[in-house]
Every structure is written in structure tokens, then in C-alpha cells.
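# Structural overview
If you want the building blocks of each chain, they are given just below.
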Amino acid sequence: MRRSTLGGLDVSAQGLGCMGMSEYYGATDWDTSIATIGHAIDIGLTLFDTADQYGAGHNEVLLGRGIAGRRDAVQIATKFGIDRSSGDDRRVHRGDPPYVRRSCDASLLRLGVDHIDLLYLHRPPQNAEIEETVGAMAELVDAGKVRYLGLSEVSADLLRRAHAVHPIAAVQSEYSLWTRDVEEVTPTMAELGIGLVPYAPLGRGFLTGAVQTATLDANDFRVRNPRFTGAAGQQNQAIAETVRTVAEGLGVLPAQVALAWVYAQAPRLGVSVVPIPGTRRAERLDQNVASLDVALDADALAQLQPLSDNVAGGRYGNQGVR
């Protein structure tokens, strides 16, 4: 397994996003997920991503069980800041210091560990200035409860302000062939030595060509996602088709092409790039890891690079951020 560095934190070149093991993507299975986490460690993945809001804490408990007895072999990344306690329709992005401290302690308890390797603020806070929130996060580092700090879906200005309070190791943002918003922030990240952790690098499965909205579980939030449904979903099929065509030409899978494209952007962006594709199945995990050995030639890149210009539909509907 290749290695990478996120602001000083040494991690595997690919991580595992665990969100779908608890919520948002339909039916889940505890035993299958635990087995997949174990398999990920066996093949050399070390970075595991979760958040306190995934499954209302369930995902952190699950990950904690999955790494039990193997803590020294992994780096745990978790997130706080999306308060769903009053219901999803009244969720609040919080960053007040007492909440920061309580959230960290609760995450440590659910994970069953004594420290978190990388703690992210899940979204910019609505009830505090970024300096106040990052200051409270820095206190957690001083207390030995957290090793490195990260931010998720943040602007360049907020990133600079946060980094002035305490070094930021990584920014986690959605990044893929059809979502490239974070490229507005990567020049600042490159300047400050901050790594990029792309979530949903497979376009929530759309770029694999294997997701059919009509057959998704009713609890799968993609059945209401603007990019997957209606006229937008039909238009976006052309994007998935291009990925499939490139994959066939290279003799690999569409998912591997989508991930290889993400890796190929690192030199252009000037930042380390460690994607965290999510899966509940060991065989798909193996396929994702194999993308590290996929090289895209100039013709493939020329076909893939403009795809984001033709995306229809927003990233989220009224179901809120993930």
C-alpha cells in the first residue's frame, strides 16, 4: 500500500469512508461491515473516516468495534459539528467551545479509543466564529485527545483564519469527475501544506454506472438527490457513459477510472490527495484499491477532464449535507 501525508499525518494513500455502513445508502449489515473494516486493515488501508452524526453515533461504535485490537495499525478520522438532535429539518452547524469538547469526549467513548488521529469540523459553524471553534479544537490537541485537525467543505478565507489559530492538516470536501468546487480552495491548501481528502470520489456511485435509481432502497437518499433523478439524472448518464467508455479502453472498471482521475489531479493541484471511497463490501474495496495502479493516458484525461462542465442538478436536495 502506498503512503501519503496529510499535513504531517502519515496515512495510506487511500482511506475507507464508513458512512454508508450506518446510514443514507439503504439497508446496512453490521457483520458485513465489520468484516470489510478488518479486510481493509489486512490489505494495508490505515485511514478510516466516520462522523458523530452518521447513524446518530452508530457509525463510530461500528468502527470502534471493527478496529478493536488493531488500534495501532490505523488512523481514525471523525467529524463533529452537525447537530441533528432537534431533527434533520432543524439541524444546526455548531462550533461553540462547550459543544466541541462534549462532542470529542462522546466520540472517544463511542470509538473506544483514547485519542482521535484527525478531528474535522464537519461544516463551518453557524453559532461561532471559526477562530473560536478551532481554538477549542486546539485545546483538545493540547490535552492529548486529538493529534491533527481538519476542516470539511470550507472556503479559502475560513481556512486561512483557522490555520492561523492552529495548523490544519487536511480539508475534506466532495471531489470527483463531476464535483470540482474545492479547486477554488486548493491553491490556499498548497500554500499552507494542507492535504485534500476527497469524499464521494465515485460520485456516490453514479460514476461507476452501476447505480439505478429505480432500484434503490427507499431509505437511500440518492432516490431524492437532484443529480440522480428526473431530467438531470437522464442528462448525467452521458457522464457515466464516458467513464465507462474510457474504462473499457483501458481494460479496467469505471470506478477505477474515476478514482485514478482523482489521484491524477494531485500534481496539478499541488496537494496530497487521499480519497476515501465508501463501500460495505470487501470485493469492491479491493477494486477501489486497485485504482492506485491505473494510469490514465493523455487521451483518457482529455475525455474525462471536461465532464464536470456538463453536470445537471445540485449536489444536495432538501435532505441536507452528508
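See above for the structure.
Below: a short report on this structure. Predicted model only: the values in this text are computed from it and were never measured. Just so you know, the residues in each chain are numbered from 1, in the order the chain's sequence is written. Two thresholds apply to this predicted model, a pLDDT of at least 70 for residue-level local features and 80 or more for giving and counting side-chain atom pairs, whereas whole-chain, interface and lining totals are computed over all residues. To get the side-chain values, all heavy atoms of the structure are used, and hydrogens and water are removed first.

## Quick word on helix 3 (residues 97–111)
This is how the line gets drawn: Per the convention used, a helix needs a DSSP run of H or I reaching at least four residues, while a strand needs a run of E reaching at least two, with both numbered from the N terminus. Helix span is expected to be 1.5 Å times the residue number reduced by one. Each residue's exposure class comes from its accessible area (1.4 Å probe, protein chains only) as a fraction of the maximum for that residue type: buried when under 20%, exposed when over 50%, partly exposed otherwise. The directions from the helix axis to the C-beta atoms form the arc being described. Residues count as neighbours in contact if any of their non-hydrogen atoms are within 4.5 Å of one another.
For helix 3, spanning 15 residues, the distance from its first C-alpha to its last is 21 Å, which sits close to the expected 21 Å at 1.5 Å a residue. By the burial criterion, the buried members of helix 3 are Pro97, Tyr99, Val100, Ser103, Cys104, Ser107, Leu108 and Leu111. With its buried residues spanning 165° around the axis, helix 3 presents them on a single face. Buried residues in helix 3 make contact with helix 2 (58–66), strand 5 (75–80), strand 6 (82–83), strand 8 (116–121), helix 4 (130–142) and strand 9 (146–152). Once helix 3 finishes, Gly112 follows within two positions and takes phi at roughly 70°, a positive value.

## Focus on the pairing of strand 1 (residues 3–6)
Filter applied, for reference: Pairing between strands requires that DSSP locate at least two bridges from one strand to the other.
Going residue by residue along strand 1, you find Ser4 and Leu6 tucked away on one face and Arg3 and Thr5 left uncovered on the opposite face. Both strand 1 and strand 2 (residues 9–12) contribute to a ladder of four bridges, which runs antiparallel. The residue bridging Leu6 from the neighbouring strand is Leu9, located in strand 2. Between strand 1 and the antiparallel strand that follows it, strand 2, lie two residues; Gly7 among them carries a positive phi value of about 55°.

## Overview of the pattern of salt bridges
This is how it is decided: What makes a salt bridge here is a side-chain nitrogen of Lys or Arg within 4 Å of a carboxyl oxygen of Asp or Glu, nothing more.
Throughout the structure, instances matching the rule amount to 20 salt bridges. With a shortest N-O distance of 2.7 Å, Arg70 and Asp42 are connected by a salt bridge. Pair noted here: Arg70 is in the loop between helix 2 and strand 5 and Asp42 is in helix 1 (residues 30–42), with a separation of 28 residues, a long-range link. Two residues, Arg161 and Glu131, come together in a salt bridge whose shortest N-O distance is 2.7 Å. With a gap of 30 residues between them, Arg161 in helix 5 (residues 156–165) and Glu131 in helix 4 connect regions that are remote in the sequence.

## Looking at the pairing of strand 5
So the rule is basically this: When the strands point away from the viewer and the connection leading from the first strand across the helix to the second strand turns clockwise, the crossover is called right-handed.
Of all six residues in strand 5, six are buried, a share of seventy percent or more. As for the winding sense of the linkage, the β-α-β connection from strand 4 (residues 47–49) through helix 2 to strand 5 is right-handed. Both strand 5 and strand 8 contribute to a ladder of four bridges, which runs parallel. Counterpart to Thr78 in the pairing with strand 8 is Leu119.

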